[in-house]
Amino acid sequence: IAPRRLAVLALAAALAAASCGSVPLTDPKWSSRAGTQVLRLRWVKSLSPSLPNFYIPEMIEEHDRFTPVETGGAAFDTDTRRAFVGAAIGGLYCLDLRNGETLWRFSGDEPVGSTPLYDSARKRVYFGADDGLLYAVHARSGRLLWSTDTGAEIQRSIIMRDDTLYLANADNTV
């Protein structure tokens, strides 16, 4: 595997391991059997809000915070070095893989638990959310192209075969 491609894969693993939370991470060193450092963590991006997602006085103390745990994965555009990550706070982020900068964010009210699917031929990103909608956004701008209601939460991977999208929602409907 080429060193650059390996660095992108390491970044993907680091993003998944970091759960996109606000907990500071140490700089782990991935080493070969010979002891040579082959990968390193470049950056960490926090997608957690400054306020809790919910507040129920009977259940939590006044100053407690809810830190979302990201359940979806990330989709990658290795040509332009971008990652597409759904967030438990709602919405989809497009991140620059070189520095972690947010290039754009598609705002949504519901958590995005599905792993986004990047379609390089059409320059689109498909993802599902807890509102039961399947979304298609433009990969360069984050502009909504279309959405369709599936009837239940989408928290599983989306697959594309030829020109057809396949997914299963929380009602196990394909």
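Draft legend 1. Expanded view of the packing of aromatic side chains. Taken as a whole and assessed by the stated rule, the structure comprises 6 aromatic pairs. Taken together, the ring pairs in this structure connect F84, W104 and Y118 into an aromatic cluster.

Draft legend 2. Region of interest: the pairing of strand 3 (residues 74-77). Burial along strand 3 is one-sided: A75 and D77 are buried, while A74 and F76, pointing the other way, are not. Strand direction decides the pairing type here: strand 3 and strand 4 (residues 82-86), joined by 4 bridges, are antiparallel. In the sheet register, A75 faces strand 4, and the bridge partner there is F84. Hairpin connection between strand 3 and strand 4: a loop of 4 residues separates the two successive antiparallel strands, and R81 in this loop has a positive phi of roughly 55°.

Draft legend 3. Fine view of the sheet that holds strand 8 (residues 124-128). Strand order in the open sheet formed by 4 strands is 7-8-9-10, and the pairing between neighbours is antiparallel. Strands with a single pairing partner mark the edges of an open sheet, and in this sheet they are strand 7 (117-119) and strand 10 (144-149). Ignoring which end each strand starts from, the neighbouring axes of this sheet average 15° apart. Across 5 bridges, the pairing between strand 9 (residues 133-138) and strand 10 is antiparallel. Each bridged residue has a counterpart across the sheet, and for V137 the counterpart in strand 10 is L144.

Draft legend 4. Looking closely at a negative patch on the surface. Taken together, D109, E110, D131, D149, E153 and D171 make up a surface patch of like negative charges. When you line up the elements, D149 lands in strand 10.

Draft legend 5. Region of the structure containing the confidence of the model for the protein chain. Per-residue confidence for the protein chain averages 74 on the pLDDT scale, and 59% of its residues sit at or above 70. Confidence drops under pLDDT 50 across residues 15-25; counting only partners more than four residues distant or on other chains, this segment forms 19 contacts. The low-confidence segment residues 59-68 (pLDDT under 50) makes 16 contacts with residues lying over four places distant or belonging to another chain.

Draft legend 6. Up close: the side chain of S114. Relative to the elements of secondary structure, S114 occurs in the loop between strand 6 (102-106) and strand 7. On the basis of relative accessible area, S114 is assigned to the buried category, the value being 0%. Within the structure, S114 has its side chain in polar contact with the backbone nitrogen of G128 (distance 2.8 Å).

Draft legend 7. Quick look at the sheet that holds strand 6. As summarised here, the arrangement of the 4 strands in space is 3-4-5-6, forming an open sheet in which the pairing is antiparallel. Both outer strands of the open sheet, strand 3 and strand 6, are each paired with one neighbouring strand and no more. Across this sheet, the average inter-strand angle for adjacent strands is 20°, counted without regard to direction. Direction of pairing for strand 5 (residues 92-96) relative to strand 6: antiparallel, over a ladder of 4 bridges. In the strand pairing of strand 6, Y93 is matched with R105.

Reading guide: rules and limits
- Residues numbered from 1 in each chain as written.
- Predicted model: local features only at pLDDT ≥ 70, side-chain atom pairs only at ≥ 80, totals over all residues.
- Heavy atoms only, no water.
- Phe/Tyr/Trp six-rings, centres within 6.5 Å; stacked < 30°, edge-to-face > 60°.
- Buried < 20%, exposed > 50% of the residue type's maximum accessible area, 1.4 Å probe, protein only.
- Helix = DSSP H or I, 4+ residues; strand = E, 2+ residues; numbered from the N terminus.
- Pairing = 2+ DSSP bridges.
- Axes fitted to C-alpha atoms, helices over the stretch in contact; angles between N-to-C directions.
- Patch = residues over 30% accessible without salt bridge, like charges linked within 9 Å, V, L, I, M, F, W, Y side chains within 5 Å.
- Areas by Shrake-Rupley, 256 points an atom, 1.4 Å probe, with all protein chains shown as cover.
- Salt bridge = Lys/Arg side-chain N within 4 Å of Asp/Glu carboxyl O.
- Lys, Arg positive; Asp, Glu negative; His and termini not counted.
- Charge placed at Lys NZ, Arg CZ, Asp CG, Glu CD.
- pLDDT = per-residue confidence, 0-100.
- Contact = heavy atoms within 4.5 Å.
- Polar contact = N/O pair within 3.5 Å; in protein donor to acceptor, adjacent residues only side chain to side chain.

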